[in-house]
Amino acid sequence: MAYRNLSKVMAGIDPKKSLDLLDISIDILENNKEIKTIYQILAFCDTSSILARLNDNRSYGFLKKSIAMAHSIKDDLEKSAVSLKILETEIEIGIKFKDKKLLDEAAVISKEIKKEYYKTLASNALERYSLS
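Rules of the game
Residues numbered from 1 in each chain as written. Predicted model: local features only at pLDDT ≥ 70, side-chain atom pairs only at ≥ 80, totals over all residues. Heavy atoms only, no water. Phe/Tyr/Trp six-rings, centres within 6.5 Å; stacked < 30°, edge-to-face > 60°. Helix = DSSP H or I, 4+ residues; strand = E, 2+ residues; numbered from the N terminus. Buried < 20%, exposed > 50% of the residue type's maximum accessible area, 1.4 Å probe, protein only. Salt bridge = Lys/Arg side-chain N within 4 Å of Asp/Glu carboxyl O.

A.B. asks: So what's going on with the packing of aromatic side chains? Residues and values would help.
C.D. replies: Within this structure, the stated rule accounts for 3 aromatic pairs. Ring geometry for Phe-44 against Phe-62: centres 5.6 Å apart, planes inclined by 40 degrees, an arrangement best described as tilted. Here Phe-62 lies in helix H4 (residues 58-70) and Phe-44 lies in helix H3 (residues 37-53), a separation of 18 residues in the sequence. For the pair shown, Phe-44 and Phe-62 are each scored as buried. With centroids separated by 5.2 Å and ring planes inclined at 75 degrees, the aromatic side chains of Tyr-117 and Tyr-118 adopt a geometry described as edge-to-face.

A.B. asks: Any chance you could break down the pattern of salt bridges for me, citing the residues and the numbers?
C.D. replies: Under the definition given, this model contains 10 salt bridges. With a closest N to O distance of 3.0 Å, Lys-16 and Asp-20 form a salt bridge. Separated by 4 residues within a single helix, Lys-16 and Asp-20 lie in helix H2 (residues 15-31), roughly one turn from each other. The residue Lys-36 makes a salt bridge to Glu-78 at a minimum N-O spacing of 3.2 Å. Taken as a pair, Lys-36 in the loop between H2 and H3 and Glu-78 in helix H5 (residues 76-96) lie far apart in primary sequence, 42 residues in all.

Next up, the structure:
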């Protein structure tokens, strides 16, 4: 997480260094089998967002991993939390790469959110997107 956070900070300052730090984070994330699924999903979404900021199309792969892993979450609260994060990531990447299909998928994902608090946040995110 520390490498990912440093990478996020460095993205606007030194993209090459940011990518190097993110690659270390990715290696740790993909090789650590003890990370709880919900945290892996959130980390993959963060990784995807940073890659998009760096104009790296690998962002789509990490987003797809997040979505695939989210299907295994059964708890409504956890499912709502990861679905919101995926929705926000889809909007961010969709806007960055002008990907209408991905932006449409964000609206579909919002239907998986069951907890009211997360529904409100998702609705607000979709509304912000539609205003931009």
